[in-house]
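Below, each chain spelled out in residue letters.
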Amino acid sequence: HGETCPTKALDKTCLFQQVDEELYGREMEMGTLIDAASRVALHAPSPLEVSNHDTNDFLCEAIFLSGHSGSGKSTITRRLISFCEAGDWFVLICKFDRQVMPMSALLSSLDTFFGSFVQEQGNDGHATPRDPSIQEAFDRMSRSMVTSLDSEIFCQLCGLLPNLCKLFPLARNHLLAASVTPPSGVGYGSNRLRHLFHVLFKAVCGGGLPVAIVVEDLQWSDSFTADVLGDFIRTAGCGSTFSAKEEAREAGSLLLVANYRDNEVSLDGFLMD
């Protein structure tokens, strides 16, 4: 009598409720990640102290984890995310999926990142972050956007990332007030998108908090999406410290960690380039 429901049957068992994620034999990899994260965190001042910070350098470090499926890459990555989230970090997580367009996955991750800081609307009708240090960081991002963007570009970003307008109402009001007519008819060509993402990443990294961009399953991205990330970290100078006086390099700190399945990547493919 009745039908058997596998999901309900599993819910009544404890077989999958206690999963041991203890890492074995990965001390060296975890140590490398934690050391890099510590260097990046030390370089970034508190948002409330950033105006008194001695250096205007941008520190960027990039680490790539490779291995077969089940080799522990995701577990190591989750440990790093927990380490960063326990401190004062901005953590942006992008997981690619072979069933989802790579650019859609990146846009969704960015919008989720901004949306995670949005509160319910206040009396003024705008959403604001809760924590004062986070608010100060977002105020710095807002000022960076005002100086780096025009109303046309900002409207394009808001079209791609709806939560951006909710989080930066001051930038929106300032930039739109400078526009006589709403922008129209402007497309999202590859060079345009590269510029939009570059300005956005630069603003996030200039907030005064260390930033971690975590990319999972990079083998399922495409050449353009990988180039968007690659262009920014090359300009930021990952692996080195550059003076903010150099063009397109501002104060900030970034840790990029990406993992991919090396048995699903060709040696002459875009990822290896």
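The coordinates are above.
In this numbering scheme, every chain counts its residues from 1 along its sequence in written order. Where local features are concerned, this predicted model is filtered to residues with pLDDT of at least 70; where side-chain atom pairs are given and counted, the filter is 80 or more; whole-chain, interface and lining totals use all residues. Side-chain calculation: all heavy atoms of the structure are included, whereas hydrogens and water are not.

**Remarks on the packing of aromatic side chains**
- Each pair of aromatic rings taken from Phe, Tyr and Trp, with Trp reduced to its six-membered ring, is defined by centres within 6.5 Å and is described as stacked if the planes are under 30 degrees apart, edge-to-face if over 60, and tilted in the remaining cases. Going through the model one piece at a time under the given rule, you end up with five aromatic pairs.
- Look at Phe113 and Phe114: their rings are 5.2 Å apart centre to centre, the planes differ by 65°, and that puts the pair in the edge-to-face class. The same class applies to Phe113 as to Phe114, namely buried.
- Note on Phe113 and Phe117: the rings are 5.4 Å apart at their centroids and 80° apart in plane angle, and the pair reads as edge-to-face.
- Aromatic ring contacts, followed pair by pair, group Phe90, Phe113, Phe114 and Phe117 into a single cluster. Relative accessibility decides the category of a residue: with a 1.4 Å probe and only protein chains considered, values under 20% of the type maximum give buried, values over 50% give exposed, and everything between is partly exposed.

**Regarding the nonpolar core**
- Definition of nonpolar core: a set of buried residues of the types Ala, Val, Leu, Ile, Met, Phe, Trp, Tyr and Cys, connected through side-chain atoms within 4.5 Å. Counting 54 residues, the largest nonpolar core has Phe90, Phe114, Leu164, Phe197 and Leu254 as the members making the most contacts within it.
- Dropping the residues within four chain positions of it, Phe197 is found in contact with Met103, Leu106, Leu107, Leu110 and Val228. We call two residues contacting when some pair of their heavy atoms lies within 4.5 Å.

**Points about helix H4 (residues 102-115)**
- In this description a helix means any DSSP run of H or I spanning at least four residues, a strand means any run of E spanning at least two, and both kinds are numbered starting from the N terminus. By this rule the span expected of a helix is its residue count minus one, scaled by 1.5 Å. In this model H4 runs 20 Å from its N-terminal to its C-terminal C-alpha over 14 residues, within 8% of the 20 Å that 1.5 Å per residue would give.
- Among the 14 residues in H4, 10 count as buried, and that is most of the element.
- Burial in H4 covers these residues: Pro102, Met103, Ala105, Leu106, Leu107, Ser109, Leu110, Asp111, Phe113 and Phe114.

**What about the pattern of salt bridges?**
- Here a salt bridge means any side-chain nitrogen of Lys or Arg lying within 4 Å of a carboxyl oxygen belonging to Asp or Glu. Under the criterion given, the structure shown has four salt bridges.
- In this structure, Arg39 and Glu61 form a salt bridge, with 2.7 Å as the shortest nitrogen-oxygen distance. Of this pair, Arg39 sits in helix H2 (residues 27-43) while Glu61 sits in strand E1 (residues 58-66), and the two are 22 residues apart along the sequence.
- For the salt bridge of Arg194 with Asp227, the shortest nitrogen-to-oxygen distance reads 3.4 Å. Of this pair, Arg194 sits in helix H9 (residues 190-205) while Asp227 is found in helix H10 (residues 223-236), placing the two residues 33 residues apart along the sequence.
- Given the relative accessible area of 24%, Arg194 is considered partly exposed.

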